[in-house]
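What follows is the residue order along each chain.
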Amino acid sequence: SGSATPVSLESIGQPAVLSFSLASAQPVSMTIGPIITMPVGTSYTAIIYNSTGGQMTSGSSRSSITLTHTKLPAGSYTLWIYPALPATATMNVSF
């Protein structure tokens, strides 16, 4: 908890796809940022999906996104981060 994973999206329009699992139901807070984009100021959206494709929480920003959920059930999840427009970016994902 609290460690940052660097993410580099070097291909234009490339999404980031990160997976994580929870052994038990728990609150989740995830920070994505700082988001540094080219072109500057491109908005990114982040969505956490459960294993059946259901959207659990989401957010969008040009600089930093915080995703929270009061109690995600135990299970496997996928975090998708993608640009609103064709862009490249670097960012950190902290969980």
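Note that the structure is a prediction, hence the values are computed from the model and not measured. (Residues numbered from 1 in each chain as written. Predicted model: local features only at pLDDT ≥ 70, side-chain atom pairs only at ≥ 80, totals over all residues. Heavy atoms only, no water.)

Participant: Tell me about the packing of aromatic side chains, and name the residues and values.
Facilitator: All told, the structure shown has two aromatic pairs when counted by the stated rule. Look at Phe 20 and Tyr 77: their rings are 5.5 Å apart centre to centre, the planes differ by 20°, and that puts the pair in the stacked class. In this pair, Phe 20 sits in strand β2 (residues 16-22) while Tyr 77 sits in strand β8 (residues 75-83), placing the two residues 57 residues apart along the sequence. With a centroid separation of 5.1 Å and 45° between ring planes, the pair formed by Phe 20 and Phe 95 is classed as tilted. Highlighted residues: Phe 20 in strand β2 and Phe 95 in the segment after β9 (88-94), separated in sequence by 75 residues. Of the aromatic side chains, those joined through ring pairs into one cluster are Phe 20, Tyr 77 and Phe 95. (Phe/Tyr/Trp six-rings, centres within 6.5 Å; stacked < 30°, edge-to-face > 60°. Helix = DSSP H or I, 4+ residues; strand = E, 2+ residues; numbered from the N terminus.)

Participant: If you had to explain the nonpolar core to someone new, which residues and values would you point to?
Facilitator: Most often, soluble globular proteins keep nonpolar side chains buried together rather than apart. If you look at the biggest cluster of nonpolar residues, it comprises 22 residues, and the most contacted ones within it are Ile 32, Tyr 44, Leu 67, Leu 79, Ile 81 and Met 91. Looking at this core, the elements that each hand over two or more residues are β1 (4-9), β2, β3 (26-32), β5 (44-50), β7 (65-72), β8 and β9. Among all residues touching Met 91, those that are not within four sequence positions of it are Thr 5, Pro 6, Val 7, Leu 9, Ile 32, Pro 34, Ile 35, Tyr 44 and Ile 81. (Core = buried A, V, L, I, M, F, W, Y, C linked by side-chain atoms within 4.5 Å. Buried < 20%, exposed > 50% of the residue type's maximum accessible area, 1.4 Å probe, protein only. Contact = heavy atoms within 4.5 Å.)

Participant: Pulling in residues and values, what's your account of a nonpolar patch on the surface?
Facilitator: A cluster of nonpolar side chains, contributed by Val 17, Trp 80 and Tyr 82, occupies part of the molecular surface with about 260 Å² of accessible area. By the secondary structure assignment, Trp 80 is in strand β8. (Patch = residues over 30% accessible without salt bridge, like charges linked within 9 Å, V, L, I, M, F, W, Y side chains within 5 Å. Areas by Shrake-Rupley, 256 points an atom, 1.4 Å probe, with all protein chains shown as cover. Salt bridge = Lys/Arg side-chain N within 4 Å of Asp/Glu carboxyl O.)

By themselves these figures say nothing about function.
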